[in-house]
Amino acid sequence: MSTKNVIIYSLLLLSLPLFSQRILNPEDAFSMALEHNYGIKITNNSLEIAENNTSILNSGYLPTVTGNAGATYNLDNTEAQFANGESTILNGAESSRYNASVNLNYVVFDGMGRQYNYKRLKEEYFLSQLEARETIENVIIQLFTIYYNLAKTSENTLALDQTLNISKDRLLRAEYQFDYGQNTKLGVLNAQVDINNDSINLINIRQQLKNTKRDLNVVIGNQIAGDFDVKTDLKFLLDLDKDELLSKTKANNVALLQAEKNISIGEIDIKARKSQYLPTVGLIGSYGWNKNNNNAASFATTTLNTGLSGGINLAWDLFDGGSTITQVKNTKINLDNQKLQKEQLIITIERDFYNAWEDYQNKLVIFNVQQDNIITSENNFNRTQEKFKLGQATSIEFRQAQLNLRNAELSRNQAKYDAKLAELTVLQISGDLLNVEF
């Protein structure tokens, strides 16, 4: 094999990992987080518990059935005096008793307490759904904060790698110029110092890149075994309407919906407390079996009883020392507090929406300015580079133009992902975060 073919083959082998490395797009990251994030899994289990609590089996509407059984054995010394004057003395007389029964207890009326308790369980289930949604939204914000931080770090890594390559080219040029007497050793030393600084920056950001990938993998449940990259192209939802989003905020914000649900639960609690003023009516029923094996002193050797029994009972707590009255008053006060908290929450959320919206708009403007700044910095660097090659610009001027370009790229990347995260914050406040495509 020729030397040329060996080189080509080696380059192909080295490039294979680059082409085979996985690209994790936002849609896949979103799906993985929903399915594998441990916080979401725990929340789903809690939601399942809340759903189980709304079953008819937990409502108190069904009767209770219990079974009882027992056995007794006696070994007695007995002296018996009969009515006809005869008497008998028994030593070690044996007797035994056996019983079994099935009992039914059913509450016919309990002042509608069961009905209000069942309604409360239903409302608590809906509240659990809102809490699950809140958890999912927070996880998604956490996910994309890390995702876009990773994307920004990836782009910054490319920028710093480009900076290092430019510095290496500058060092090579400085060495040629020194060899041919067109430059002093100071130019070479300055170039070497700049390469060292650029190398350190690149080493640090590559470590940061690895750490951020691990952070992202934790959020998605450690579902990616090997190395991966993320997409760095973004789509902004520039057609967002401020007034429409504000209306959605008032209707769909998860914190507001939770406050409304807590008010509903508070209203049910008042009715449940008042139900304690009313009596409780219940039905009882039983089927029993009893057998007695008597000793010789008894008139009957064996007795066997079977039969049904039933009844109705009423319990009415006419006065409980004022406990129920106090509970009703306190529950009403708690309901008033919940209503006040909702009003306060509305003001806070409106403020948060306006702040988030203006922050989003400002970050979009900053991003566009940084885009223009990139063009200016590139033009300045290209001109300075040409002058440097012609000996019309010093190494300090060249380095400054190089740093200006690098800083412009880093600032553009920062502004780019800051704007996207600000957009997600607006969507979260408006309750629309889970209704958009990522």
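Values in this document were obtained by computation on a predicted structure and should not be read as measured data.

### Some thoughts on the nonpolar core
Phase 1 of the analysis: Ranked by size, the top nonpolar core spans 48 residues in total, and within it L24, L143, F144 and L216 carry the most contacts.
Phase 2 of the analysis: Of all the elements in the fold, those that place two or more residues in this core are helix 2 (26-36), helix 4 (113-179), helix 5 (185-219), strand 4 (228-230), helix 6 (242-252), helix 8 (323-389) and helix 9 (395-429).
Phase 3 of the analysis: Of the residues forming this core, the biggest block, 11 residues, is contributed by helix 4.
Phase 4 of the analysis: In terms of nonpolar packing, the next biggest core, distinct from the first, is built from nine residues, L164, L171, A174 and A191 among them.

### Considering the packing of aromatic side chains
Phase 1 of the analysis: A full pass over the atoms with the stated rule returns 12 aromatic pairs.
Phase 2 of the analysis: On the numbers, 5.9 Å between centres and 45 degrees between planes, the contact of Y125 with F126 is tilted.
Phase 3 of the analysis: Ring geometry for F353 versus W357: centroids 6.5 Å apart, planes at 20 degrees, classification stacked. One end of the pair is F353 and the other is W357, both in helix 8 and four residues apart, which spans about a single turn. Both residues of the pair, F353 and W357, belong to the buried class.
Phase 4 of the analysis: Clustering of aromatic rings is evident, with ring pairs tying together F144, Y147, Y148 and Y417.
Phase 5 of the analysis: A cation over an aromatic ring shows up here: K41 above the ring of Y38, its NZ or CZ 5.1 Å from the ring centre.

### Considerations on the environment of L283
Phase 1 of the analysis: Following the sequence through the fold, L283 ends up in strand 5 (residues 280-293).
Phase 2 of the analysis: Each C-alpha atom of the pair L283 and F109 lies 9.8 Å from the other, and the pair is 174 residues apart in sequence.

Conventions we followed
Residues numbered from 1 in each chain as written. Predicted model: local features only at pLDDT ≥ 70, side-chain atom pairs only at ≥ 80, totals over all residues. Heavy atoms only, no water. Core = buried A, V, L, I, M, F, W, Y, C linked by side-chain atoms within 4.5 Å. Buried < 20%, exposed > 50% of the residue type's maximum accessible area, 1.4 Å probe, protein only. Helix = DSSP H or I, 4+ residues; strand = E, 2+ residues; numbered from the N terminus. Phe/Tyr/Trp six-rings, centres within 6.5 Å; stacked < 30°, edge-to-face > 60°. Lys NZ or Arg CZ within 6 Å of the ring centre and 35° of its normal.

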